[in-house]
Amino acid sequence: VNREAVRPIAKLAKKFINAADSAGDVAKSANRVAKNADATKAAAKADGVVPAKGPPPQYTAKSHEHVWPRHHDPSQWTKKSKFAPGEGGQKFADEVYNHPNVVVKRQQDGRWQYVVDDMGRFTGSRSNYPSRSGTLITGPDGVVITQYPGVPKGWKP
Amino acid sequence: VVKDIHSAKSLDEAAKIDPVWELPPDGYFELQRAIQGASARFPLLHSVCAHDEGPDGDFAIPPDQADEFLREIDLLLGTVGVTATQALKGMLYRLAEFVRKARKANLTIFGVAD
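Residues numbered from 1 in each chain as written. Chains lettered and ligands numbered in written order. Predicted model: local features only at pLDDT ≥ 70, side-chain atom pairs only at ≥ 80, totals over all residues. Heavy atoms only, no water.

A word on the sheet that holds strand β1 (residues 82-83) of chain A
All names here are of chain A.
- Strand order in the open sheet formed by three strands is β1-β4-β5, and the pairing between neighbours is antiparallel. Whereas interior strands pair on both sides, the edge strands pair on one side only; in this sheet they are β1 and β5 (129-131).
- Where β1 meets strand β4 (residues 124-126), two bridges bridge the pair, whose relative direction is antiparallel. Across the sheet, the residue bridging to Lys82 is Ser125, located in β4. (Pairing = 2+ DSSP bridges. Helix = DSSP H or I, 4+ residues; strand = E, 2+ residues; numbered from the N terminus.)

Some details on the interface of chain A and chain B
- Counting residues at the interface gives 22 residues for chain A, matched by 25 residues for chain B.
- Between chain A and chain B lies a buried interface of about 2,000 Å² when both sides are counted; carbon and sulfur atoms form 47% of it.
- Of all residues in chain A, A:Trp77, A:Lys80 and A:Lys153 bury the most surface against chain B, accounting for 32% of the area lost on that side.
- Counting across the interface, chain A meets chain B through six salt bridges.
- Here A:Lys80 ties to B:Asp4 by a salt bridge, and the two come within 3.4 Å at their closest N and O atoms.
- Counting every contact that joins chain A to chain B gives 15 residue pairs in polar contact (both at pLDDT 80 or more).
- The set of elements that each furnish at least two residues to the side of chain A that touches chain B consists of α2 (61-71) and β7 (144-149) of chain A.
- Looking at the side of chain A that touches chain B residue by residue, the class counts come to five nonpolar, ten polar and seven charged. (Contact = heavy atoms within 4.5 Å. Buried area = accessible area lost by both parts, 1.4 Å probe. Salt bridge = Lys/Arg side-chain N within 4 Å of Asp/Glu carboxyl O. Polar contact = N/O pair within 3.5 Å; in protein donor to acceptor, adjacent residues only side chain to side chain. Nonpolar A, V, L, I, M, F, W, Y, C, P; charged D, E, K, R; others polar.)

Quick notes on the side chain of B:Asp4
- With respect to the secondary-structure elements, B:Asp4 resides in strand β1 (residues 4-8).
- Look at B:Asp4 and you get buried, because its relative accessible area is 2%.
- In this structure the side chain of B:Asp4 is engaged in a polar contact, spanning 3.4 Å, whose partner is the side chain of A:Lys80.
- Other than its neighbours up to four places away in sequence, B:Asp4 contacts A:Lys79, A:Lys80, A:Arg126, B:Pro19, B:Trp21, B:Glu22, B:Phe110, B:Gly111 and B:Val112. (Buried < 20%, exposed > 50% of the residue type's maximum accessible area, 1.4 Å probe, protein only.)

A closer look at the nonpolar core
- The biggest cluster of nonpolar side chains holds 32 residues, and the ones touching the most others in it are B:Leu23, B:Leu31, B:Leu45, B:Phe69, B:Leu76, B:Met91 and B:Leu92.
- If you list the elements that add at least two residues to this core, you get α2 (25-34), α3 (43-49), β3 (59-61), α4 (66-80) and α5 (86-104) of chain B.
- When near neighbours in sequence (up to four residues on either side) are disregarded, B:Leu31 contacts B:Leu45, B:Val48, B:Cys49, B:Leu76, B:Leu88, B:Met91 and B:Leu92.
- Core analysis: the next-biggest nonpolar cluster, separate from the first, contains 15 residues, A:Phe92, A:Val96, A:Val102 and A:Val104 among them. (Core = buried A, V, L, I, M, F, W, Y, C linked by side-chain atoms within 4.5 Å.)

With respect to the packing of aromatic side chains
All names here are of chain A.
- Applying the stated criterion across every chain yields a total of four aromatic pairs over all chains.
- Geometrically, the ring pair formed by Phe83 and Phe92 is edge-to-face, given 4.8 Å between the ring centres and 75° between the ring planes. This pair shows no difference in class: Phe83 is buried, exactly as Phe92 is.
- Between the aromatic rings of Tyr97 and Tyr114, the centroid separation amounts to 5.3 Å while the plane-to-plane angle is 65°, which identifies the pairing as edge-to-face. Remark: Tyr114 occurs in strand β3 (residues 112-116) and Tyr97 occurs in helix α3 (residues 89-98); sequence separation between them is 17 residues. Across the pair, exposure class does not vary: Tyr97 and Tyr114 are buried alike.
- Sitting over the ring of Tyr97, Lys53 keeps its end group 4.2 Å from the ring centre.
- We note Arg132 situated over the ring of Phe122; from NZ or CZ to the ring centre the distance is 5.3 Å. (Phe/Tyr/Trp six-rings, centres within 6.5 Å; stacked < 30°, edge-to-face > 60°. Lys NZ or Arg CZ within 6 Å of the ring centre and 35° of its normal.)

Details of the confidence of the model for chain A
Residues and elements named next belong to chain A.
- Averaged over all residues, the pLDDT of chain A equals 81, while 68% of them reach at least 70.
- Between residues 22-44, whose pLDDT stays under 50, and residues either more than four places distant or in other chains, the model counts one contact.
- Across residues 46-50, confidence stays below pLDDT 50; counting only partners more than four residues off in sequence or on other chains, it has four contacts. (pLDDT = per-residue confidence, 0-100.)

Examining the packing of α2(B) against α5(B)
Residues and elements named next belong to chain B.
- It is at 8 Å that the axes of α2 and α5 come closest, and there the two elements cross at 95°. Relative to α5, the element α2 is oriented roughly perpendicular. Every residue of α5 that contacts α2 at Asp26, Gly27, Tyr28, Glu30, Leu31 and Ala34 is listed here: Ala87, Leu88, Met91 and Leu92. (Axes fitted to C-alpha atoms, helices over the stretch in contact; angles between N-to-C directions. Parallel < 35°, antiparallel > 145°, perpendicular 65-115°, else oblique.)

This is the structure:
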């Protein structure tokens, strides 16, 4: 065998093997990252940790103008869920937003949905059925779009 | 998402009467997906589901827009065709029925969001 003639071929082969090893390492590393991300998500879900939130809620005069007739005043929109006396306003928005079991979702229009399945007390009622839940919807800037006792229809924890 | 459907002369009147129906969430979200990116073709249907809640979640179909609304429903079901589920078809047919009845009585259909 002419060793001088074979040497460049051997070098090339070694390069290929190194490249294949590197590609394998990259793939392994990518797998590891993906597994870590999955594990983080699973842990977050198990711990009830909220992955992301919008800015803190601001209950403005405009928020009140929308929420009051629909979710407080019993003489209007009678089929809408109604807050129990003393519930609602900025305090309710803050409580839902900061609740340890809040479930957060970004809506297709960029708004934030915060739902607490059980706030530990009766928050209001819908068609005379009492509710222990609370829902808060804010715009991307944190302004309260609406809030009400109960969960959105079709919502699953 | 709960949008109550009222048939009334005005929003003030609608606030005082019981809704005639409530949009079902499965059909509602399917409508949202079906017209995504096509709001210019379906402006009235877009107004039904552009926002789930709040003041801009409300929508109104007055008698003079009833024909246009019914045309959009026909167009959408023609476009989506066989892929439209029973949930979407059912919701749109029911909504169309309310719009026809309201037009006959010269009333407006109001969708009232939470």
